[in-house]
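A structural walkthrough
Residues per chain, in single letters:
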Amino acid sequence: MAHEQRDVVVIGAGISGLVFAYRLKALGLDVALIEKSDRVGGVIQSETIDGYLIERGPNSSQGTEELLALVEELGISGEMFEGDPKAPAYVYFNKRLHAVPSGPVAFIKSGLLTPGGKLRILAEPFQRVRRVQEEESVAAFARRRIGREAAERLVAPFVSGIYAGDAERLSVQAAFPRLANLESGYGGLFRGMFAKAREARRAKKAASLVLDKAAPARRRLVSFREGMGFLPRSLAARIGEDLVTRAEALSVARPTGDQSRTGVFEVSFTRSGQSFTLAARRVVVATPAHIAARLVAPFSSELGHLLEDIEYPPLATICLAYDVSAIRTPINGFGFLAAPSEGLDVLGCVWNSGLFKGRAPDGKALLTAFIGGARNPGVAGLSDDSLASRAHIELQQVLGITGDPRVIAITRYDRAIPQYSLGHVARVRAMEALLREIPGLTVVGNYLHGVSTGDCIKEADRIAREFAESLHARDSG
């Protein structure tokens, strides 16, 4: 591989890069996937320690159509676990855990909101539609549509859970575009949901019985027998020898002089002391934004600055194990998120052993707490002992734990989850415009159109198919 020609070189073997390279290869293109680390998956990391299956990144994924289709295509459906679709999620507010209401009766009975707060939600259809085109924060959108209580006690905790972010700073148009579109397209959240439900019923009625039965059921939360890391490892196995890890000093440049015959781009790197150069017709940068900024800067300094400006707050995950008998609160569910007003360092906690089987030895419970994020970035830099102590003290408070924990693992991310801050929609549009001026170069990743595993799979697969179609049309023309 020292001097080779490829159709496409993909840089970065996180989930976006893996899906992109896998799809291109499946569609018959000659692709190379280059990764700096000695492993694949990016932040998706699973590890078994003394019988505890821990996740250092995402603990599960929504069972989106794109994810399920990919799992089926890879032939690994038998390794997939599904969480209980009725497993509740909780919000910790006013020193109590409150189940997130899952229906009208639960909504009425819930103590999370006052009667006035519930009435304010029910008044949402009568709120005036915002006509201003500028982006709006998630918090401002929620206060305007469903009221201050729901914004503080429901929306803000879930923003922390998904983005480790601050609802006052994130753009609703970027972070939750479907919610924003319900207002702009239908005049409100309830009106939009009812309209979409009617549209779905009409579409289902129009579908044939065979297609209806063949359609895969949507699952709520899924993982794998060996953890979320099994998915990137499976993709890497299918990519095979076209995956190169431990690539150092990587750079992308335009060929010059006689070398221009070898391809549109040259991707250079070193591995085990040996230098390599790949000529490529297209280059896909699938790294985090700050790394992508360095790689694309030679082609557009403005694009590099836009990428560098995307914020990634620090985050620490603390995996703690307890005797089941030491936890007074049943941990049968997804876990909890803390309302900002509670003043906890812990943003939330996933109840790993309550969500999926096989995560902890018999009689033990495995919990993963998250500390840091955009609202409290400094605390993520505390020592391991301090992080474990704070997590334990606050989990004691929330769950009524009486025993001491065993610290299974602590993982730190100096740059965790990209923040879709106000102005993000305009930033992405500007980046896409600049990329159109650099034919053959593109960027993909969770900092663009969705941070979840399902979002990354959907976007990488979509663009990869467009790439393949474009290259095949070019060759046939």
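A brief report on the enclosed structure follows. All values derive from a computational prediction rather than experimental measurement.

When helices and strands are counted, the protein shows 17 helices and 19 strands. Taking 2.2 N^0.38 as the reference for a compact globule, 477 residues should give roughly 23 Å; the C-alpha atoms of the protein span a radius of gyration of 24 Å, in line with that estimate. In terms of overall dimensions, the protein has C-alpha extents of about 75 × 55 × 50 Å along its principal axes. Relative to its 477 residues, the protein shows a buried fraction of 52%. Pairs at least 24 apart in sequence give 71% of the contacts found in the protein among residues at least 6 apart.

For helix H6 (residues 148-163), the principal kink sits at valine 155 and spans about 35 degrees; a proline, proline 157, occurs within the next four residues. Here H6 has its buried residues at Glu149, Ala150, Ala151, Arg153, Leu154, Ala156, Pro157, Val159, Ser160 and Tyr163. Of the surrounding elements, those touching the buried residues of H6 are strand E7 (89-93), helix H4 (115-122), helix H5 (138-146), helix H7 (172-175), strand E15 (335-338) and strand E16 (346-350). At the exit of H6 stands alanine 164, carrying a positive phi of roughly 50 degrees.

Hydrogen bonds along the backbone pair up the strands of a sheet, which may run parallel or antiparallel. Across the sheet, 7 strands lie side by side as E8-E7-E15-E16-E17-E14-E18; this open sheet has mixed pairing. The open sheet has two free edges, formed respectively by strand E8 (96-99) and strand E18 (406-413), since each of these has just one partner strand. Sheet twist, expressed as the average angle between the axes of neighbouring strands with direction ignored, equals 25 degrees. Of the pairings in the sheet, the one linking E7 to E15 comprises 4 bridges and is parallel in character. Counted as the bridge partner of tyrosine 92 is alanine 338 from E15. Taken strand by strand, helix H15 (residues 384-399) contacts E7, E8, strand E14 (315-323), E15, E16, strand E17 (364-372) and E18, and its axis lies near 60 degrees from that of E14.

For the rest of this paragraph, the subject is the nonpolar core. Membership of the largest hydrophobic core comes to 42 residues, with the highest contact counts inside it found for Val10, Phe20, Leu24, Leu231 and Leu235. Element by element, the count of residues in this core is highest for helix H17 (residues 453-476), at 8 residues. If near-sequence neighbours (up to four positions away) are discounted, leucine 235 is found in contact with Ile15, Leu18, Val19, Tyr22, Leu70 and Leu74. If you look at the next biggest cluster of nonpolar residues, it comprises 36 residues, including Phe93, Leu112, Tyr163 and Ala164.

Right, let's talk about empty space enclosed by the protein for a bit. Here the structure, examined in full by the defined rule, presents 3 cavities of 30 Å³ or more. Size it by volume and the largest cavity reaches roughly 60 Å³. Taken together, Ser16, Val444, Gly445, Asn446, Leu448, His449, Gly450, Asp455, Cys456, Glu459 and Ala460 form the lining of the largest cavity. Along the lines of polarity and charge, the residues of the lining of the largest cavity split into 4 nonpolar, 5 polar and 2 charged. Among the elements of the structure, strand E4 (52-55) and helix H14 (352-355) are those that each provide at least two residues to the lining of the second largest cavity. Split into classes, the residues belonging to the lining of the second largest cavity amount to 4 nonpolar, 2 polar and 2 charged.

Turning to the packing of aromatic side chains, a few remarks are in order. Evaluated as defined, the whole model comprises 9 aromatic pairs. Ring centres 5.8 Å apart and planes at 45 degrees place the aromatic pair phenylalanine 224 and phenylalanine 230 in the tilted group. Of the two residues, phenylalanine 224 and phenylalanine 230, neither departs from the other in class, the shared state being buried. Through a chain of ring-to-ring contacts, three or more aromatic side chains come together here, namely Tyr163, Phe176 and Tyr420.

Another point: the pairing of strand E13 (residues 274-285). Taking burial as the measure, the 12 residues of E13 include 9 buried ones, the bulk of the element. Strand direction decides the pairing type here: strand E12 (residues 265-271) and E13, joined by 7 bridges, are antiparallel. Of the residues in E13, the one forming a bridge with arginine 271 is glutamine 274. Counting the residues between successive antiparallel strands, the hairpin from E12 to E13 contains 2 residues, one of them, serine 272, with a positive phi of roughly 55 degrees. Taken together, the 3 bridges between E13 and strand E19 (residues 441-443) define a ladder with parallel strand orientation.

Taken as a whole, the second largest pocket holds about 400 Å³ of empty space. For the second largest pocket, the lining is made up of 21 residues, of which Leu435, Thr442, Val443, Ile463 and Phe467 are closest to its centre. Looking at side-chain class alone, the lining of the second largest pocket contains 10 nonpolar, 5 polar and 6 charged residues.

Looking now at the environment of glycine 333. With respect to the secondary-structure elements, glycine 333 resides in the loop between E14 and E15. Between the C-alpha atoms of glycine 333 and arginine 474, which are 141 residues apart in sequence, the distance is 51 Å. Apart from the residues within four sequence positions on either side, glycine 333 is in contact with Ala87, Pro88, Trp351, Gly354 and Leu355.

About the criteria used
Residues numbered from 1 in each chain as written. Predicted model: local features only at pLDDT ≥ 70, side-chain atom pairs only at ≥ 80, totals over all residues. Heavy atoms only, no water. Helix = DSSP H or I, 4+ residues; strand = E, 2+ residues; numbered from the N terminus. Rg over C-alpha atoms; globule rule 2.2 N^0.38 Å. Buried < 20%, exposed > 50% of the residue type's maximum accessible area, 1.4 Å probe, protein only. Contact = heavy atoms within 4.5 Å. Bend = angle between axes of the 7 residues up to and from the residue. Pairing = 2+ DSSP bridges. Axes fitted to C-alpha atoms, helices over the stretch in contact; angles between N-to-C directions. Core = buried A, V, L, I, M, F, W, Y, C linked by side-chain atoms within 4.5 Å. 1 Å grid on protein atoms, 1.4 Å probe; cavity = no way out; pocket = protein on both sides within 12 Å on 5 of 7 lines; lining within 4 Å. Points joined across faces, edges and corners; volume = space filled by probe spheres on them. Nonpolar A, V, L, I, M, F, W, Y, C, P; charged D, E, K, R; others polar. Phe/Tyr/Trp six-rings, centres within 6.5 Å; stacked < 30°, edge-to-face > 60°.

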